[in-house]
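# Residue-level structural notes
Listed here are the chains, written in short residue letters.
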Amino acid sequence: MMFDYTKTPKEYVHCNLCGKDDFFILAERSSNGYEARACLCKNCGLIYLNPRMTKEGYAAYYKDFYRKDRAEAKKDNKKYKHNSMEEGFLGSVRFGEVFSSRLKEHINPDGITIDVGSNSGGALQGFKNIFPGIIPIGIEPSDKHAEFANTQGIKTFRCLFEDFPRDEIGEASNIFCFHTLNHLLDPKGFFHWAYATLQMGGRLVLSVKNFRAQVKRSGTIKRAIQIDHPYMFTPENLRLMLVATGFQIVYEDNDELKLRNEWTRQHADGLSIHHIRVVAEKKEKKEQEIPISAPSAARVLKHQLSWWHVLPYYFVYHSGKMKYFRKIFRIGY
Ligand SMILES: [Zn+2]
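Small disclaimer: the values here were computed from a predicted structure and weren't measured.

### As for the overall build of the protein chain
Tallying secondary structure elements over the protein chain gives 13 helices and 13 strands in all. Taken over the C-alpha trace, the protein chain has a radius of gyration of 20 Å; the compact-globule value for 333 residues is 20 Å, and the two agree within 12%. Per-residue burial for the protein chain yields a buried fraction of 39% across its 333 residues. Residue pairs in contact within the protein chain that sit at least 24 positions apart in sequence constitute 73% of those at least 6 positions apart.

### So, the sheet that holds strand S3 (residues 38–41)
Within the open sheet, the four strands sit side by side as S2-S3-S4-S11. Their pairing is antiparallel. The open sheet has two edge strands with one neighbour each: strand S2 (23–27) and strand S11 (231–232). As judged from the two bridges shared by strand S4 (residues 47–49) and S11, these two strands associate in the antiparallel manner. Bridge pairing in S11 links Ile47 to Met232.

### Here's the deal with the nonpolar core
In this structure, Leu17, Ala38, Cys41, Cys44, Ile47 and Ile175 are the most contacted members of the largest nonpolar core, which totals 74 residues. Looking at which domains feed residues into this core, each of domain 1 (10–73) and domain 2 (85–282) supplies at least three. Residue contacts for Ile47: discarding those within four places in its chain leaves Leu26, Ala38, Cys39, Leu40, Phe211 and Met232.

### What to know about the domain arrangement of the protein chain
Taken as a whole, the protein chain is organised into domain 1 (10–73) and domain 2 (85–282). A separation of 21 Å is found between the C-alpha centroids of domain 1 and domain 2. Elements with a contribution of two residues or more to the side of domain 1 that touches domain 2: S2, S4 and helix H1 (55–64). The biggest single contributor to the side of domain 1 that touches domain 2 is S4, with three residues. In terms of residue class, the side of domain 1 that touches domain 2 is made up of 13 nonpolar, four polar and three charged.

### Focus: the packing of helix H8 (residues 211–218) against helix H12 (residues 307–318)
Packing of H8 against H12 leaves a shortest axis separation of 7 Å and a crossing angle of 70°. Considered as vectors, H8 and H12 are oriented roughly perpendicular to each other. On H12, the residues touching Val215, Lys216 and Arg217 of H8 are Val310, Tyr313, Tyr314 and His318. Along the lines of polarity and charge, the residues of the contact of H8 with H12 split into four nonpolar, one polar and two charged.

### Considerations on helix H5 (residues 143–151)
Every buried residue belonging to H5 is among His145, Ala146, Phe148 and Ala149, and all of these are buried. Considered in projection along H5, the buried side chains sweep an arc of 160° and stay on one side of the axis. Residues of H5 that are exposed and point over 90 degrees away from its buried face: Asp143, Lys144 and Thr151. Residues of H5 that are buried sit in contact with helix H3 (85–102), strand S7 (134–139) and strand S8 (155–157). Downstream of H5 by one or two residues, Gly153 has phi in the positive range, about 85°.

### Things to note about the pairing of strand S10 (residues 198–209)
Taking burial as the measure, the twelve residues of S10 include nine buried ones, the bulk of the element. Summarising the sheet, strand S9 (residues 172–178) and S10 pair through six bridges and their orientation is parallel. When the sheet's bridge partners are listed, Ile175 is paired in S10 with Leu204. One crossover worth recording links S9 to the parallel S10 by way of helix H7 (residues 187–197), and it is right-handed. Here S10 runs beside strand S13 (residues 275–282); their pairing, made up of seven bridges, is antiparallel. Bridging from a neighbouring strand, Val208 pairs with Ile276 of S13.

### Looking at the environment of Thr156
Residue placement: Thr156 occurs in strand S8. When the 24 C-beta atoms within 10 Å are taken as the criterion, Thr156 is described as buried. Distance from Thr156 to Trp193, taken between C-alpha atoms, is 18 Å for residues 37 residues apart in sequence. Sequence-distant contacts of Thr156, defined by excluding residues within four places in its chain, comprise Ser118, Gly121, Gly138, Glu140, Ala146, Ala149 and Asn150.

### Structural notes on the environment of Gly133
Looking at where Gly133 falls in the secondary structure, it is placed in the loop between helix H4 (122–130) and S7. Those residues in contact with Gly133 that lie beyond four places of it in its chain are Pro109 and Asp110.

Here is what the cut-offs are and how they apply
- Residues numbered from 1 in each chain as written.
- Predicted model: local features only at pLDDT ≥ 70, side-chain atom pairs only at ≥ 80, totals over all residues.
- Helix = DSSP H or I, 4+ residues; strand = E, 2+ residues; numbered from the N terminus.
- Rg over C-alpha atoms; globule rule 2.2 N^0.38 Å.
- Buried ≥ 20, exposed ≤ 12 C-beta atoms within 10 Å, placed from the backbone.
- Contact = placed C-beta atoms within 7 Å.
- Pairing = 2+ DSSP bridges.
- Core = buried A, V, L, I, M, F, W, Y, C linked by C-beta atoms within 7 Å.
- Domains from an automatic or database assignment.
- Nonpolar A, V, L, I, M, F, W, Y, C, P; charged D, E, K, R; others polar.
- Axes fitted to C-alpha atoms, helices over the stretch in contact; angles between N-to-C directions.
- Parallel < 35°, antiparallel > 145°, perpendicular 65-115°, else oblique.
- Arc of directions from axis to C-beta.
- Right-handed = clockwise from strand over helix to strand, strands pointing away.

Structure, rendered in structure tokens:
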């Protein structure tokens, strides 16, 4: 059975952050050639696929085609290799340990700690190694991964976050969402859910791919578009979404302006690169919801994603063509 993106049912969506339907078109195709239209909201700067596959379409895609599709998309990348579940678990344990050590003073050291999109449970195990007081709970839609996590002693619910039995579990002191936000069909709905699930002062901890960094690294917008990423974030639109849902940002780390040796170190430590790491605290909500509007930020972002801004950066830092030039002048080190 072959996956046919064109024939999969699609739906037209409005901006998930501000609700408007007014956008710049950034690209008409994804990195692996699917006809996917990426839009940038003119009012708030959120980037999203529109139209996109329906919920049922995504469910079928993840079940049968996703892994094969990603493997094909990455076939030119020599670093890509297929990991076993155990290897994946150990890699995530390392990630969890490094991540929690870095953010030590911004995470609640005990209480219920939920990881949304917890995979095989490795990241939670890593956090538990650093913060023995936490009670780790995973939420993972994949049968195989949820089952593996449970055999490793990480209590994991095989469901979507919307179906998680929140009332049985009680209020959480931390909620994690690592490398998952891009895949959600309603990220703002997830932030509302996280707000309702956390105790006051609870922390929402995110690691999200920075779309602008991804574009600069690949040289074109198209190469940064994936059909499994219905939403794409930058530090600006992520902040806006957090504040709009009642959170206050207490920590932010953006790899975008870091130098090459820092990336290398981060990568060797087991952390992702070209990401945004954010810790946000649940605060008392204000009486009125603030209307979301950031049209000038959206225009700035549109400019930052244009070829005359992206290509020089790409050639100097990422294409490999300027390697010797860079070495001589020590640019980016
Ligand atoms: Zn918007």
